Amino acid sequence: MLRNPDLGCTLQSKIEDYVAKGYARKLNPCEVETKKCWYLPIFPVINLNKPGKIRLVWDAAAKVDGVSLNSMLLKGPDHLTPMVSAIRKFRQRKVAIGGDIAEMYHQVRIRAEDQNYQRFLWFEPGALKPSVYVMLVMTFGSTCSPSCAECIKNLNAKEFQDRFSRAVQSILHNHYVDDMLDSVDSEDEAIQLARDVHYVHSQGGFQIRNWVSNSKTVLSALNTKSVDTINLSSERELATEKVLGMWWSTSDDSFVFKISNRYKNEDVLRGEKRPTKREVLSLLMTIFDPLGLLAFYVMYTKIFFQEIWRSGCSWDEFIHDKEYSKWLHWIRLLPEVTAMKIPRCYVRADFKHFPEFEIHTFVDASEDGYAAVSYLRSTDGDLVDCVLLGCKTRVAPIKLMSIPRLELQAAVIGARLAKSLLATHSIQISKLTFWSDSRTVLSWLRSDHRRYKQFVAFRISEILELTELSDWRWIPTSENVADEATKWQRIPDFSNDSRWLNGPSFLKLNSSDWPKEDYKSKTTDEELRAQYMGYHGKESLAGECSIAIEPERFFSWKALLKVMSKVINYARFWKERVFEEK
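No experiment lies behind these values; they were computed from the predicted model shown. (Residues numbered from 1 in each chain as written. Predicted model: local features only at pLDDT ≥ 70, side-chain atom pairs only at ≥ 80, totals over all residues. Heavy atoms only, no water.)

J.: Could you give an account of the overall build of the chain, with specific residues and numbers?
T.: A tally of helices and strands in the chain yields 18 helices and 18 strands. Evaluated residue by residue, the chain yields a buried proportion of 50% over its 582 residues. Counting only carbon and sulfur atoms, one obtains 52% of the accessible surface of the chain, whose full area is about 30200 Å². (Helix = DSSP H or I, 4+ residues; strand = E, 2+ residues; numbered from the N terminus. Buried < 20%, exposed > 50% of the residue type's maximum accessible area, 1.4 Å probe, protein only. Areas by Shrake-Rupley, 256 points an atom, 1.4 Å probe, with all protein chains shown as cover.)

And the structure:
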């Protein structure tokens, strides 16, 4: 503060504001003399995405003799609505609305007997000794603050369940910490919802403000100024969170992507400087994409970062020539990424009635990685629309794995993705369909999975628990849109008409015109367990008669194995001869 007088003035004004609002109180000399107390260090946090905004954090993790305030507090259960769930619900309806609760943690008061454990020292202007202050409310930094504040917000809302059921639903399921993100079908419904949510929060001492919407009518009714963008970031009012986010452009109701202000190395971004391994990872982590809308682009970075890792490059060493050429190719496409506009709302067509929804999930794998991408297919009579829901990608493990196994891994994350989408949407999904171009995976699904090795058997079992066998279909590789995220044989298509954003063209056709599998194999010999090798179901290679060998006639396991292998080989030989003669 002495080195930066402007910062000192700002922090002094914040302390004075806290005292005026009743968040903090200066203790008199008599109150200071007590043995049961704890002093918290404080420090400022500056958000580069919000210039001029400074937040004070009380470091409850600071230790004295191995003890901190947080070590003596219970963290509490996690009442937080998952951020991905909140954003997905935010995309369901045409009229979107958002707001945030002012100083949410500071609206929760601390019991008088516990306040002395939130003391802090502050040098007032011109003072030679620090004064002792105490926080009367919850602070940013205490491990119990997120759980307690969320619990109190929800308890207050549940008291109004009978009178304001829709507002209570929004508070319980469409708030991420202090941010409200919701969507409705009409402007009148949005206005009423905002007013009801404001009233319910006010009864618990919370004030929701900074209303934003893609509708000027809604903004006008709520007496708020129109803004172009709202930051839907992962910031949770804690100093350790990254200040990255999804940006919503209200003018055209679409999501856009930006490089975080925290990445300041412009020479690296322009390709004028070769990056280190650390700088590559730093830039990769600045792209905040919780839904996987940019997975087809980000996946390439994950793959060549693994190549950097394999090359033995240390963290602060410049990447090698091979990886540097791929890096240049990747950053040249960054302007295309920042120019992308992904529609927020799922329902883009002018349907006369509320459409019927289906989720189509495509899975694919290559030697570099595997991916699952899902689309929402909306139908109203002959009118059909398709929009990207999200994607999950994984880089192939460093230890070599076969393509069929990677394809199976893709099917697993596809099943998990579909389950997550069902759980986090409130719209009714009528049907799930899964598409794979791997006949081996489809054969594994259609046969007795206990016949195969544990790697295959366990994953097939999980897939069949999450999905129905009848939901899985075959698709030609050329039609598999998940191929966009696993193979970079051409420059990605960032246009609004790309099949990545809109799904394959056949989804807009009648289901009778969808790809059909021309060959159905119920079984495959791939990854068979040892005891099933050479057999097809209960029938042996010799025909309907089983191969009868008495194990007790052999003096050793090796002798039995040798004879058994010869018998199977002869059976296979004569079976092929019989088929050739026929």
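J.: An account of helix H15 (residues 454-466) is needed here, citing residue identities and associated values.
T.: Under the 1.5 Å per step criterion, the end-to-end length of H15 is 18 Å for 13 residues, consistent within 8% with the ideal 18 Å. Buried residues of H15: Phe-455, Val-456, Ala-457, Ile-460 and Ile-463, and no others. Contacts made by the buried residues of H15 are with helix H13 (403-423), helix H14 (439-446) and strand E18 (472-474). (Expected span 1.5 Å × (residues − 1). Contact = heavy atoms within 4.5 Å.)

J.: An account of the sheet that holds strand E5 (residues 119-122) is requested, with residue identities and associated values reported.
T.: What the 3 strands build is an open sheet, ordered E1-E6-E5; its pairing is antiparallel. A single partner strand is all that each edge strand has here, and the edge strands are strand E1 (24-26) and E5. Taken over all neighbouring pairs, the strand axes of this sheet differ in orientation by 35 degrees on average, direction set aside. Pairing of E5 with strand E6 (residues 131-135) involves 4 bridges; the strand directions are antiparallel. Note that in E6 the partner of Trp-122 across the bridge is Ser-131. Lying over the sheet, helix H1 (residues 5-21) contacts E1, E5 and E6, oriented at roughly 135 degrees with respect to E5. (Pairing = 2+ DSSP bridges. Axes fitted to C-alpha atoms, helices over the stretch in contact; angles between N-to-C directions.)

J.: Tell me about the side chain of Lys-153, residues and numbers included.
T.: Turning to its location among the elements, Lys-153 is positioned in helix H4 (residues 145-158). The class of Lys-153 is buried, set by a relative accessible area of 0%. A distance of 3.3 Å separates a polar atom in the side chain of Lys-153 from a polar atom in the side chain of Glu-150. Not counting residues up to four positions away in its chain, the partners in contact with Lys-153 are Ile-101, Met-104, Ile-171, His-175, Val-177, His-201 and Phe-206. (Polar contact = N/O pair within 3.5 Å; in protein donor to acceptor, adjacent residues only side chain to side chain.)

J.: Describe the pattern of salt bridges, listing the residues and the values that go with them.
T.: On inspection of all chains with the given rule, the structure shows 25 salt bridges. The shortest N-O distance in the salt bridge between Lys-21 and Asp-17 comes to 3.2 Å. With a gap of 4 residues between them, Lys-21 and Asp-17 both fall in helix H1, about one helical turn apart. For Asp-17, a relative accessible area of 31% translates into the label partly exposed. Glu-358 serves as the salt-bridge partner of Arg-377, at 3.5 Å between the closest nitrogen and oxygen. Within this pair, whereas Arg-377 is found in strand E15 (residues 369-380), its partner Glu-358 is found in strand E14 (residues 356-365), the two being separated by 19 residues in sequence. (Salt bridge = Lys/Arg side-chain N within 4 Å of Asp/Glu carboxyl O.)

J.: Before we move on, could you go through unusual backbone geometry and cite the residues and values that matter?
T.: Its identity as a non-glycine residue notwithstanding, Asp-65 has a phi of 55 degrees, on the positive side. The backbone of Val-177 shows a phi angle near 55 degrees, a positive value even though the residue is not glycine. Here Val-177 is to be found in the loop between strand E7 (175-176) and strand E8 (179-184).

J.: Help me get a handle on the side chain of Gln-115, residues and values and all.
T.: Inspection of the secondary structure assignment puts Gln-115 in the loop between strand E4 (95-101) and E5. On the basis of relative accessibility, which here comes to 13%, the residue Gln-115 falls in the buried class. Contact partners of Gln-115, with chain neighbours within four places excluded, come to Ile-110, Val-134, Met-135 and Leu-136.

J.: Outline the packing of helix H9 (residues 277-286) against helix H10 (residues 295-310), supporting the account with residue identities and numerical values.
T.: Think of two packed helices as two axes; the pair is described by the angle between the axes and how far apart they sit. Close contact between H9 and H10 brings their axes to 11 Å; oriented N to C, the two are set at 160 degrees. Classified by the interaxial angle, the pair formed by H9 and H10 is roughly antiparallel. The hand of the H9/H10 crossing is left-handed. Of the residues in H10, those in contact with Lys-277, Val-280, Leu-281 and Leu-284 of H9 are Val-298, Thr-301, Lys-302, Phe-304, Phe-305, Ile-308 and Trp-309. (Parallel < 35°, antiparallel > 145°, perpendicular 65-115°, else oblique. Left-handed = near helix turned anticlockwise from the far one by under 90°.)

These figures come from the coordinates and say nothing about function on their own.
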